[in-house]
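The lines below spell out each chain.
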Amino acid sequence: MSNPMELSLEQKFNIRSFENQVQSMSHEQAQDFLVKLYEQMLLRDNMYKDFIRHQWGIESPPQL
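Everything numeric in this text was worked out from a predicted model, so none of it was measured.

*Asks:* Quick rundown of the overall build of the protein chain? Include the residues and the values.
*Replies:* Tallying secondary structure elements over the protein chain gives two helices and zero strands in all. Taken across its 64 residues, the protein chain has 0% of its residues classed as buried. On the protein chain, roughly 6,600 Å² of surface is accessible, and the fraction owed to carbon and sulfur atoms is 58%.

Have a look at this one:
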């Protein structure tokens, strides 16, 4: 069984493909892309937190 902290062959291929896409971007396009990627990471983090709260029966924190 593989280590869950290692990337699969498919994931490694996807990284290589992603690397090729990024190399063809302008500096501004790459910056915009990074900001959008970071936003997606935060949204995914929120989704995981909500899922765990739901599974554990924990109330969501109050919205500020």
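*Asks:* Help me get a handle on the pattern of salt bridges, residues and values and all.
*Replies:* Following the criterion strictly, the structure yields three salt bridges and no others. In this structure, Asp45 engages Lys49 in a salt bridge whose closest nitrogen and oxygen atoms are separated by 3.2 Å. Placement of the pair is Asp45 and Lys49 together in helix H2 (residues 27–56), with a separation of four residues, close to one helical turn. A relative accessible area of 41% means that Lys49 is categorised as partly exposed.

*Asks:* Help me get a handle on a nonpolar patch on the surface, residues and values and all.
*Replies:* A grouping of Phe18, Leu34, Leu37, Tyr38, Met41 and Leu42 is seen on the molecular surface, where their side chains present a nonpolar patch of about 580 Å² in accessible area. In this fold, Tyr38 is placed in helix H2.

*Asks:* Can you tell me about the packing of aromatic side chains, naming the residues and giving the values?
*Replies:* Aromatic rings considered in pairs are described by the distance between their centres and by the relative angle of their planes. Under the defined criterion, the tally for this structure stands at one aromatic pair. With centroids separated by 5.5 Å and ring planes inclined at 40°, the aromatic side chains of Phe18 and Phe33 adopt a geometry described as tilted. A residue pair is termed long-range when its members are at least 10 positions apart, and Phe18 in helix H1 (residues 9–23) and Phe33 in helix H2 qualify at 15 residues. With relative accessibility at 34%, the residue Phe18 sits in the partly exposed group. Classification of Phe33 by relative accessible area gives partly exposed; the value is 30%.

About the cut-offs
Residues numbered from 1 in each chain as written. Predicted model: local features only at pLDDT ≥ 70, side-chain atom pairs only at ≥ 80, totals over all residues. Heavy atoms only, no water. Helix = DSSP H or I, 4+ residues; strand = E, 2+ residues; numbered from the N terminus. Buried < 20%, exposed > 50% of the residue type's maximum accessible area, 1.4 Å probe, protein only. Areas by Shrake-Rupley, 256 points an atom, 1.4 Å probe, with all protein chains shown as cover. Salt bridge = Lys/Arg side-chain N within 4 Å of Asp/Glu carboxyl O. Patch = residues over 30% accessible without salt bridge, like charges linked within 9 Å, V, L, I, M, F, W, Y side chains within 5 Å. Phe/Tyr/Trp six-rings, centres within 6.5 Å; stacked < 30°, edge-to-face > 60°.

Everything listed here is a matter of geometry and, on its own, says nothing about what the molecule does.
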